[in-house]
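As a plain string of letters, each chain reads:
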Amino acid sequence: MGTRRTARELALKFLYQTEFNSESPDLELNPFCKRANVSEEVHNFTQALIKKLLLYEKEVDELLKKVSAHWAPDRMSVIDKNIIRLGICELLFDSTTPPKVVINEAVEIAKKFGTEESPDFINGILDKILKGTKAVSYTHLRAHETDSYLVCRLLLEKSSPTV
């Protein structure tokens, strides 16, 4: 298994743990990664994913809620919801991985940790978001507003209930 896959799985485990018993995930992240006894590269990528998700948590969760209009996030399994959240975060706020790879990684992780339906469900949600990011017109952005945060904002502002 590759370094980034290992880091994504570790990030998922951290999010699963914090879903049930965490007062301050930002303070628990480093000790969690150290206890996992992984390479520095895995540790760093896991931390980067989680820190980005924590930074953009509100936007990611709003987008997840909007894209899954007929399936509320609080009704999703904790595993599926967090795989999708990581995927959204990576699609929108990390340009180091090609979008198709992000989606494929999420699907493969869903096969390992989710239910039988998880891979198709996760693929559908992340594909909607990917198509939505391609549909956002960059002419709406001012010259200094070319970052992913604003793409996310525009996706949320689109008039239709789903991306």
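Here the structure is a predicted model, which means the values were calculated and not measured.

(A) Molecular detail of the overall build of the protein chain. In terms of regular secondary structure, the protein chain is built from 8 helices and 0 strands. The burial tally for the protein chain puts 44% of its 163 residues in the buried class. Within the structure as shown, the protein chain displays about 8,900 Å² of accessible surface, and the carbon and sulfur contribution to it stands at 51%.

(B) Spatial organisation of the packing of aromatic side chains. Inspection of the entire model under this criterion finds 3 aromatic pairs. Its guanidinium or amino end placed over the ring of Phe 45, Arg 4 lies 4.1 Å from that ring's centre, counting from NZ or CZ.

(C) Seen up close, the nonpolar core. Among the nonpolar cores identified, the biggest contains 40 residues, and Ile 83, Ile 84, Leu 86, Ile 88 and Leu 126 are the most heavily contacted of them. The set of elements that each furnish at least two residues to this core consists of α1 (3-20), α2 (25-36), α3 (40-55), α4 (57-67), α5 (78-93), α6 (99-113) and α7 (118-135). Residues in contact with Leu 126, not counting those within four places in the same chain, are Ile 84, Gly 87, Ile 88, Leu 91, Ile 103 and Ala 106.

(D) Summary view of the packing of α4 against α5. It is the contact of α4 with α5, at a shortest axis distance of 10 Å, that shows an interaxial angle of 115°. Taken together, the axis directions place α4 and α5 in an arrangement best described as roughly perpendicular. In the crossing of α4 with α5, the sense of the turn from one axis to the other is right-handed. Across from Glu 57, Val 60, Asp 61, Leu 63 and Leu 64 in α4, the residues of α5 making contact are Lys 81, Ile 84, Arg 85, Ile 88, Cys 89, Leu 92 and Phe 93.

(E) Local environment of the environment of Val 78. Tracing the backbone through its elements, the reader meets Val 78 in helix α5. Expressed as a C-alpha distance, the spacing of Val 78 and Glu 19, which sit 59 residues apart in the sequence, is 7.6 Å. In contact with Val 78, not counting residues within four places along its chain, are Tyr 16, Glu 19 and Phe 20.

(F) Geometry of the side chain of Ser 118. As for its placement among the helices and strands, Ser 118 is situated in helix α7. Overall, Ser 118 belongs to the buried group, its relative accessible area being 1%. Of note is the side chain of Ser 118, whose polar atom sits 2.7 Å from the side chain of Asp 80. The residues contacting Ser 118, other than those within four sequence positions of it, are Asp 80 and Ala 110.

(G) Local environment of unusual backbone geometry. Within the chain, Asn 37 stands out as a residue other than glycine whose phi angle is a positive 55°. Along the chain, the position of Asn 37 falls in the loop between α2 and α3.

(H) Main features of the environment of Ile 88. Positionally, Ile 88 belongs in helix α5. The class for Ile 88 is buried, based on a relative accessible area of 0%. Placed 35 residues apart in sequence, Ile 88 and Leu 53 show a C-alpha to C-alpha distance of 8.9 Å. Ignoring sequence-local partners within four residues, the contact set of Ile 88 consists of Val 60, Leu 63, Leu 64, Leu 126 and Ile 129.

About the thresholds
Residues numbered from 1 in each chain as written. Predicted model: local features only at pLDDT ≥ 70, side-chain atom pairs only at ≥ 80, totals over all residues. Heavy atoms only, no water. Helix = DSSP H or I, 4+ residues; strand = E, 2+ residues; numbered from the N terminus. Buried < 20%, exposed > 50% of the residue type's maximum accessible area, 1.4 Å probe, protein only. Areas by Shrake-Rupley, 256 points an atom, 1.4 Å probe, with all protein chains shown as cover. Phe/Tyr/Trp six-rings, centres within 6.5 Å; stacked < 30°, edge-to-face > 60°. Lys NZ or Arg CZ within 6 Å of the ring centre and 35° of its normal. Core = buried A, V, L, I, M, F, W, Y, C linked by side-chain atoms within 4.5 Å. Contact = heavy atoms within 4.5 Å. Axes fitted to C-alpha atoms, helices over the stretch in contact; angles between N-to-C directions. Parallel < 35°, antiparallel > 145°, perpendicular 65-115°, else oblique. Left-handed = near helix turned anticlockwise from the far one by under 90°. Polar contact = N/O pair within 3.5 Å; in protein donor to acceptor, adjacent residues only side chain to side chain.

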